[in-house]
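Structural features, examined
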Amino acid sequence: MAFESLSEKLETTFRKLKGKGRLTEMDINEAMRDVRLALLEADVNFKLVKDFVNRISEKSKNKEVLESLSPAQMVIKIVNDELTALMGSENKKLNLSSKSPSVVMMVGLQGAGKTTNAAKLALNQKKLGKRPLLVACDVYRPAAIDQLIKLGKDTDVPVFEQGKGNPVQIAEAGIAHAKKFGNDLVIIDTAGRLHIDEELMQELISIKEAVKPSEIMLVVDAMTGQDAVNVAQSFDEKLDITGLLLSKLDGDARGGAALSVTAMTGKPIKFTGTGEKMDKLEPFYPDRMASRILGMGDVLSLIEKAEKSFDEKKATELAEKLKKNKFTLADYYDQLVQIKSMGSLEDIAAMIPGMSGLKGVKPDEDIMKKTEAMILSMTPKERENPNILGSSRKKRIAAGSGTNVSDLNRLLKQYEMMNKMVKSMTAGGKKRKKLGKMGGFPGISGFPGF
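For the structure given in this document, a descriptive report is provided here. Per-chain numbering applies: the sequence of each chain, read as written, is numbered from 1 onward. It should be noted that, the model being predicted, local features are given only for residues of pLDDT at least 70 and side-chain atom pairs only at 80 or more, the latter also being counted only at that level, while totals for whole chains, interfaces and linings use all residues. Side-chain metrics rest on all non-hydrogen atoms present in the structure, leaving aside hydrogens and water.

Here we take up the overall build of the chain. Under the scheme used here, helices are H or I runs from DSSP no shorter than 4 residues and strands are E runs no shorter than 2 residues, and both carry numbers assigned from the N terminus. Helix and strand content of the chain: 20 helices and eight strands. Burial analysis of the chain (450 residues in total) assigns 51% to the buried set. Contacts were defined at the residue level, with two residues in contact if any of their heavy atoms lie within 4.5 Å. Within the chain, contacts between residues separated by at least 24 positions form 75% of all contacts whose residues are at least 6 apart in sequence. Method for areas: the Shrake-Rupley scheme with a 1.4 Å probe, in which residue coverage is limited to the protein chains shown. Summed over all atoms, the accessible surface of the chain reaches about 21,800 Å², with 52% contributed by carbon and sulfur. Exposure is judged per residue with a 1.4 Å probe applied to protein chains only, and the accessible area is read against the type maximum: over 50% gives exposed, under 20% gives buried, and values in between give partly exposed.

Counting residues in hydrophobic clusters, the biggest one holds 73 residues, and the most contacted among them are Phe 14, Val 75, Ile 188, Phe 235 and Leu 259. Apart from residues lying up to four places away in sequence, Val 75 is in contact with Phe 14, Leu 17, Leu 23, Ile 28, Met 32, Ser 60 and Val 65. Remark: nonpolar core denotes a set of buried residues (Ala, Val, Leu, Ile, Met, Phe, Trp, Tyr, Cys) joined through side-chain atoms within 4.5 Å. Formed by 23 residues, the second largest nonpolar core is a distinct cluster that contains Ala 118, Ala 119, Val 157 and Val 219.

Next up on the list: the packing of aromatic side chains. Aromatic rings from Phe, Tyr and Trp, taking only the six-membered ring of Trp, are treated as a pair when their centres fall within 6.5 Å; an angle between ring planes under 30 degrees marks them as stacked, one over 60 as edge-to-face, and anything in between as tilted. The tally for this structure, following the rule as stated, stands at zero aromatic pairs. The rule is short: NZ of Lys or CZ of Arg within 6 Å of the ring centre and within 35 degrees of the ring normal puts a charge over the ring. The aromatic ring of Tyr 140 is capped on one face by Arg 193, whose charged end is 4.8 Å from the ring centroid.

Turning next to the pairing of strand β1 (residues 102-107). For β1, the tally of buried residues reaches six of six residues, placing the bulk of the element in the interior. Judged by which residues are buried, β1 turns out to be covered on both faces: Ser 102, Val 104 and Met 106 on one side and Val 103, Met 105 and Val 107 on the other are all buried.

Attention now moves to the side chain of Gln 125. If you trace the backbone, Gln 125 turns up in helix α6 (residues 114-127). Setting aside chain neighbours within four positions, we find Gln 125 in contact with Leu 94, Leu 96, Lys 130, Leu 185 and Phe 271.

Turning our attention to the environment of Ala 178. Relative to the helices and strands, Ala 178 is located in helix α8 (residues 167-181). Sequence-wise, Ala 178 and Arg 131 are 47 residues apart; in three dimensions their C-alpha atoms are separated by 9.3 Å. Sequence-distant contacts of Ala 178, defined by excluding residues within four places in its chain, comprise Pro 101, Leu 133, Asn 183 and Val 186.

This part is about the packing of helix α10 (residues 226-239) against helix α11 (residues 256-265). Where helices are involved, their axes are fitted lines through C-alpha atoms of the stretch in contact, as for all axes, and angles between N-to-C directions lie from 0 to 180°. The interhelical angle for the contact between α10 and α11, taken along N-to-C directions, is 30°, at an axis separation of 8 Å. The orientation of α10 relative to α11 falls into the category roughly parallel. Where α10 crosses over α11, the handedness of that crossing is right-handed. Residues Gln 226, Ala 228, Val 229, Ala 232, Gln 233 and Asp 236 of α10 pack against Gly 256, Ala 257, Ser 260, Val 261, Met 264 and Thr 265 of α11. Basically, the charged four are Asp, Glu, Lys and Arg, the nonpolar ten are Ala, Val, Leu, Ile, Met, Phe, Trp, Tyr, Cys and Pro, and anything else, Gly included, counts as polar. Its residues assigned to classes, the contact of α10 with α11 shows six nonpolar, five polar and one charged. Each angle receives one of four descriptions, namely roughly parallel if under 35 degrees, roughly antiparallel if over 145, roughly perpendicular if within 65 to 115, and oblique otherwise. Crossing handedness: left-handed means the near helix sits turned counterclockwise from the far one by under a right angle, and right-handed means the same turn made clockwise.

Turning next to the pattern of salt bridges. We define a salt bridge as a side-chain nitrogen of Lys or Arg found within 4 Å of a carboxyl oxygen belonging to Asp or Glu. Summed over all chains, the structure comprises 22 salt bridges. Between Lys 59 and Glu 82 there is a salt bridge, and its shortest N-O distance comes to 2.5 Å. Taken as a pair, Lys 59 in helix α3 (residues 46-60) and Glu 82 in helix α5 (residues 71-86) lie far apart in primary sequence, 23 residues in all. Using a relative accessible area of 7% as the deciding quantity, one classes Glu 82 as buried. For Asp 189, the salt bridge identified is with Lys 114, shortest N-O distance 3.4 Å. Taken as a pair, Asp 189 in strand β4 (residues 185-190) and Lys 114 in helix α6 lie far apart in primary sequence, 75 residues in all. An identical accessibility class is assigned to Asp 189 and Lys 114; each is buried. Through salt bridges with shared partners, one network takes in Arg 55, Lys 59 and Glu 82.

Turning next to the packing of helix α2 (residues 25-41) against α3. The interhelical angle for the contact between α2 and α3, taken along N-to-C directions, is 155°, at an axis separation of 10 Å. The angle between the axes of α2 and α3 places the two elements in the roughly antiparallel class. Handedness of the crossing formed by α2 with α3: right-handed. Residues Ile 28, Asn 29, Met 32, Val 35, Arg 36, Leu 39 and Leu 40 of α2 lie in contact with α3, whose contacting residues are Phe 46, Val 49, Phe 52, Val 53, Ile 56, Ser 57 and Ser 60. Each residue belonging to the contact of α2 with α3 can be placed in one class, and the counts come to ten nonpolar, three polar and one charged.

Here the focus is the sheet that holds strand β5 (residues 215-221). Pairing between strands requires that DSSP locate at least two bridges from one strand to the other. With respect to topology, eight strands assemble into an open sheet ordered β3-β2-β4-β1-β5-β6-β7-β8, the strand pairing being mixed. The open sheet is flanked by β3 (159-160) and β8 (281-283), the only strands paired with a single partner. Where β1 and β5 come together, four bridges link them in parallel fashion. Bridge pairing links Met 105 to Ile 216 in β5.

Written out as structure tokens, the structure is:
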């Protein structure tokens, strides 16, 4: 994952500071040297690193900081604030026109993930109530139009295309089509090149002049590091881009692009691509990213993920069962499914404050898969009443799920622990009105894999 190495190095640096009761200027200098090296290794622009470290060092050597009761925490807060400012301070929304349809131009080099992220953005906006239309203006790359059509089907978003025609005319025709059929958002997938050239830029300028987009979104590959900054500056110079979408942030990117590109161009990162699936596009929040880099978790994003996977009907049914102190293995399975829909356990754990400190300990996805298989191998009666599971039933379930009896016994023990937790939370008739609002799960630590 992006930032993993940077996060580890910064946490090690600050752990040393926390071990000191009082900080001296020498302590600050040593810590800033480590911070500087960590940022340079993360491929952050050299000049940016120098200015960044100088600001932190100056603020950290303030008399009030050095003489405070917890100087290390004060320094971490300063770093957190500066990291947030470096990445743009606050989340910036998509620029939408007051006059329908709003037009978004997707631009970038070939291979950055422009076409895929155009579809992801369309799906993202569709979920927010928009009626998007994808327009295929990449008439050069083989199969680009076919790819967009397929992605449109996958996301249930209409695609306008006219084959290998003139990109400017296709863009204009796409907007006319949107007006006719009531699409209030047009996302134009423009052509990319393997490198920046005058022909590419002139075509994009012509499209911009013809359709007057409210947003020019540059898709930048996070894996390219400092090259991403150079690309952003070149596109911005010619097109005056309004925002950036950082793709492939789930890969082995060192994070330098995310930390550098806004500071170097003055243009905000608005979205990040965090996976291959169409729903893996997230708004970019500089403050949340800074917290995650410093190992402080990201509770707000975790809550938002939970809300997206929240099944209100099942939550209401579960709440009624909890009032009666009933929590079956079928309910346990439902909660498991909701947690799975939030993403990988490793990603979820990274958002929980304190979990990042467990270096080398990663949630076990296989245990969750085994748990799911074992519960699905049970009969409805067995899920409702696990007490009837004798030796022969356990052997049948283990064989049917590709596990063994000891795995099943471990699951039953975990379930019993969670059942006791539920009963204690509703003991004495004092029911918690919002018992685990996200489907009612009593505590993620009670689930397999954590």
